[in-house]
Amino acid sequence: MGKAFIYSMLASILVLSLALPPLPLLANTSYSIGSHDALHPMLAQIAIEQPNRIIPIIIQKVNQTNHLGGPSTSVRETTSNSITEQVRKVGGTVLRDLSIINAVTAKVPAHGALALSQLPSVRWISPDAQVFKQNTSHTQQLQISDDFQMLTYDGSSGTTEWASSWSELGESDGPDVGDAVVTRFLAGSTQGIRLQNRSIGIMRSVDLSSSMNAQLTISYRRKNFEAASDYIAIEASSDNGQQWVELGRLAGPVNDPEVVDAHFDLTPYGTDLAILRFVTSNTLNQRAKFYLDSVNVHYAAPVTAPAQRSFQMYLPLTSYENGSPESDETVMVQAATLKNYVSDDFASISLAGNGGSYDWAGEWQELGESNGATRGQVKVVSSNKCQAGNCLRIGANSSGVNLTNRGVIREVNLSGSTSATLSFDYRRHAFSGLVSVALSVSNNGGTSWNTLATYALNSRDKVQTAQSFDISAYIAESTHIRFMASGTLSSNVGTFLYLDNIQIDFNQLANDSVTNTKTTSADSDLQVISGCTSCIDVSRNVNSYVEAIGATDLWNEPSKIQGQDVAVAIVDSGIAEHSDLLNPDGSSRVIARVDFVGGQKIADDFYGHGTHVAGIVGGNGSQSDGAHIGVAPKVNLVDVKVTDDCGAGKTSDVIAGIQWILEHKDVYKIRVANLSLNSSLAEPYHLSPLNAALEILWFNGIVVVVSAGNNGNDGILYPPANDPFVITTGAVDTNGTTSTSDDFLAPFSASGKTQDGFTKPDLIAPGADIISTLAGDDSNLALNHPAHAVSGAYGNHYFRMSGTSMASGVAAGAVALLLQSEPSLTPDQVKFRITETANSFLDSKYLNIYQAVHKSTTESANLGLRINQLLWSGSDPVTWGSVNWNSVNWNSVNWNSVNWSSVNWSSVNWSSTSWDDGPQCQ
């Protein structure tokens, strides 16, 4: 059987696997050491069929660095032959370093991936793909409008901008004279465009590239139309005016006494640049006049990405902390009392936005004009070119406009800071060149400037790009940033740069620090027992799950085991601000935030899953007067955002989050990591890069708790639930009571033996009908499942969900209580203690944290296990129990011994929430 045929068959299987529900590992799969095939079969097929297609990939390197980026003994790759340089040579870009597994992510043309796979320094190249459910219809309704309120041809009153101004047909004398003019009519009660005389018209371009359907609605009046030969033709073109299709005619004989509406379907014209045209007939009588009162284009567009194909891959929004991919660490990190920031996300149509923890020194000042925020070549607009809401636009849409020295400038006081980073999102929507926008910074009040980057407006970006620069060298009492254009437009089609989420993060010395937590609540204090300020009043608690596992019995013991001084990393969709996650003084217990998805500059969780899990782990019930308290109500939380607004993610983003936890565990005292997510493909734990990264966390002192999955007892456990080292948690239904006598296993909870023969889950915990913190009424879970919102005296602040995700959160909070009680316990000792003290429940072990805390054993679990094959230090496996977990020498890992051709680097698919009323994100 030829290799080409095998590649074709494997590619077909893998393509389908990204669209269908998770598939089991093929029983006859073999894993041989020493294969020379370094390119994933699906990528090989794409390289043949679509060689110029840009694809996101993960490149596994041959022993170039150790897992923390340190030096290695390999001499196979020299500086001149670095992966980064080779990627650039094939026309690609390195995006992120995944040193924890000795890999990088990149975007390259498909033919470039084929070339890279031939390098001796490359071990394995795999797709870094996102998976979206095929029934997803998560859309937003947008509108492009002009109601002609101003005597101008560039009016725009919708949520989205036009691609150009109106252009006249048959004349070119402007909007105030001639046969095509903007004028008042109907006794001066309204204003619009008047067309008269023969073959006179107007046309305007509109970008419908992201539209799923589009409708044109116009309001008009015909006067003195005497015959059928008197008409207005409404036409559209999808090929830049080469061909026109008539959408309809508005003909006589008629004399409209009032304004009339008409509707036309524009769906067939959903191209990058569609043109609308209104033109009078060549037989129009001299008395006839046509008045156009308003033009509106309504269309639906996906909130995140266009409609998906079965194996379509999308690039993540990526920014670099220090301006280069090699130094990329995070998109955003915020730590209370350590970082401050000034920001403007242009939430309102204003040049004075202040969205940070610290105020700018003034408003944005216009350069080259002074028209305010709503007019001119520099203004704040609401457009589909903005990621969400409004953004700042620099540019024009008329040939001959000179944009030189047009722009904005703003001042910030950074005195006392030790470092500063400028970040922003930008998107070019340019149809003509010769124009660019320069970003500059000044540390002497604007007397002299240093250019950081220049953005040529010669192409169109499909999505916003996040950008970041280290401006520590420009810290001053009067630091200015400036965006300033130069050049002259060469066509009548819009040429714009859109700027959004402009932010400066800066560290301050302790005596100068200002907290970046702005949320305060009069109800943030826990209900306390009289005479005991550190006690927790459980009399109002209705969350049966915290009592079922014995957590409430620990809170008010003399040692007050409530989660203090322990941090749990929530690797999820983010954590929104919520009163239940505050300290009594109003400061946040979310002590750090890191985003590996896409450059949001606020504490965001627009999906809602991560916030719900965080509340299970550590909510204090303040917003419900103590009714809905989590397991460890005084624990600290670390927000590691790795999935998007529909709960979907990428393997590389999850691994990057794990790497960040490893590198910051001591800074934030992270002892527990919770991952309520599952991979979409089943495979042995030995060959899962996600499992390999999590085992590194485990061996470095962090207890990893994961969800079992919601595929029931079909016997399939997907990574990371199949890893024998971590604590895999299944779900039990408490039946709404605190007694465990009426509990039963949740039917959705995954269980069985892994491909390697390990029985999972290790533990079960409450996971059905769990009430916890709501991210917001506008979070996607709340919008798609309104019946799950829990109302209270203060509104909707809680949400009900079921799934092993919830059970994993319960177990993670319990582990935090145990580690507060005994901080010296290792992960293996924690796992042994928490499983051996659990109550027997059918064939499972039901979590009882009260018994675990009061047991004194220090025995270890996981003895005799082999660590993940991707971490083997040579051809012989490392057997756990034969080495001390504190003495692993990671520099000795021999990456050359791994069989990379058998590794399937799958996308991450959210499959850990069970619903009874429909899909998760629509």
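Structure's up top.
Residues numbered from 1 in each chain as written. Predicted model: local features only at pLDDT ≥ 70, side-chain atom pairs only at ≥ 80, totals over all residues. Heavy atoms only, no water.

Visitor: Any details on the pattern of salt bridges? Residues and values, ideally.
Guide: The tally for this structure, following the rule as stated, stands at 18 salt bridges. Across the pair Arg800 and Asp769 runs a salt bridge, and its minimum N-O distance is 3.0 Å. Linking Arg800 in strand E41 (residues 795-801) with Asp769 in the loop between strand E38 (763-766) and strand E39 (770-773), this pair joins segments that are 31 residues apart in sequence. Look at Arg800 and you get partly exposed, because its relative accessible area is 22%. Given the relative accessible area of 44%, Asp769 is considered partly exposed. Via salt bridges that share partners, Lys760, Asp762 and Lys831 belong to a single interconnected network. (Salt bridge = Lys/Arg side-chain N within 4 Å of Asp/Glu carboxyl O. Helix = DSSP H or I, 4+ residues; strand = E, 2+ residues; numbered from the N terminus. Buried < 20%, exposed > 50% of the residue type's maximum accessible area, 1.4 Å probe, protein only.)

Visitor: For the sheet that holds strand E3 (residues 103-109), give the residues involved together with the corresponding values.
Guide: A sheet is described by the order of its strands in space; here four strands give the open sequence E2-E3-E1-E4, paired in antiparallel fashion. In this open sheet, the two edge strands, each paired with only one partner strand, are strand E2 (93-98) and strand E4 (122-127). Pairs of neighbouring strands in the sheet enclose a mean axial angle of 30 degrees, with direction left out of account. By the bridge criterion, five bridges tie E2 to E3 in an arrangement that is antiparallel. (Pairing = 2+ DSSP bridges. Axes fitted to C-alpha atoms, helices over the stretch in contact; angles between N-to-C directions.)

Visitor: I'd love a proper account of the packing of aromatic side chains, names of residues and values included.
Guide: Counting across every chain of the model gives 16 aromatic pairs. Ring geometry for Phe346 against Trp364: centres 6.4 Å apart, planes inclined by 25 degrees, an arrangement best described as stacked. Of the two residues, Phe346 sits in the loop between strand E17 (339-344) and strand E18 (365-367) while Trp364 sits in the loop between E17 and E18, which places them 18 residues apart along the sequence. Look at Trp660 and Tyr668: their rings are 5.8 Å apart centre to centre, the planes differ by 25 degrees, and that puts the pair in the stacked class. By relative accessible area, Trp660 is classed as buried at 1%. An aromatic cluster of three or more residues is present, and its members are Phe424, Tyr426, Tyr455, Phe469 and Phe483. The cationic tip of Arg249 hangs over the ring face of Tyr231; the distance from NZ or CZ to the ring centre is 4.0 Å. Positioned above the aromatic ring of Phe496 is the side chain of Arg393, whose terminal nitrogen or guanidinium carbon lies 3.9 Å from the ring centre. (Phe/Tyr/Trp six-rings, centres within 6.5 Å; stacked < 30°, edge-to-face > 60°. Lys NZ or Arg CZ within 6 Å of the ring centre and 35° of its normal.)

Visitor: Kindly report on the sheet that holds strand E12 (residues 245-251), identifying the contributing residues and their values.
Guide: Pairing is antiparallel in the open sheet, where five strands are placed in the order E6-E9-E14-E11-E12. Only two strands of the sheet have a single partner each, and these edge strands are strand E6 (167-169) and E12. Neighbour to neighbour, the strand axes of the sheet diverge by 20 degrees on average, direction disregarded. Bridge count between strand E11 (residues 231-237) and strand E14 (residues 274-280): six bridges; the pairing is antiparallel.

Visitor: Outline the environment of Lys289, supporting the account with residue identities and numerical values.
Guide: If you trace the backbone, Lys289 turns up in strand E15 (residues 289-302). As for Lys289 and Asn224, which are separated by 65 residues in sequence, their C-alpha atoms are 6.7 Å apart. Among residues more than four places away in sequence, those in contact with Lys289 are Arg194, Leu195, Gln196, Arg221, Arg222, Lys223 and Phe225. (Contact = heavy atoms within 4.5 Å.)

Visitor: Give a detailed account of the nonpolar core, specifying residues and quantitative values.
Guide: Among the nonpolar cores identified, the biggest contains 106 residues, and Leu637, Val638, Val640, Trp660, Ile661, Leu675 and Ile849 are the most heavily contacted of them. It is helix H11 (residues 804-821) that provides the largest number of residues to this core, a total of eleven residues. Counting 39 residues, the second-largest nonpolar core is a separate cluster that includes Phe346, Leu351, Val380 and Val408. (Core = buried A, V, L, I, M, F, W, Y, C linked by side-chain atoms within 4.5 Å.)

Visitor: So what's going on with unusual backbone geometry? Residues and values would help.
Guide: Backbone torsion omega between Pro719 and Pro720 reads 0 degrees, so that peptide bond is classified as cis. If you trace the backbone, Pro720 turns up in the loop between strand E33 (703-707) and strand E34 (727-733). The linkage connecting Lys760 with the following residue, Pro761, adopts the cis geometry, with an omega of 5 degrees. Counting through the fold element by element, Pro761 comes out in the loop between strand E37 (759-760) and E38. Even without being a glycine, Asn405 presents a positive backbone phi close to 70 degrees. Residue placement: Asn405 occurs in the loop between strand E20 (390-396) and strand E21 (407-412). Despite not being glycine, Asn735 has its phi angle at roughly 65 degrees, a positive value. Inspection of the secondary structure puts Asn735 in the loop between E34 and strand E35 (744-745).

Visitor: Tell me what's going on with the environment of Ala811, and back it up with residues and numbers.
Guide: For Ala811, the location among the structural elements is in helix H11. For the pair Ala811 and Thr728, spaced 83 residues apart in sequence, the C-alpha separation works out to 9.3 Å. If we skip the residues at most four places from it in the chain, Ala811 touches Val705, Thr729, Leu763 and Leu847.

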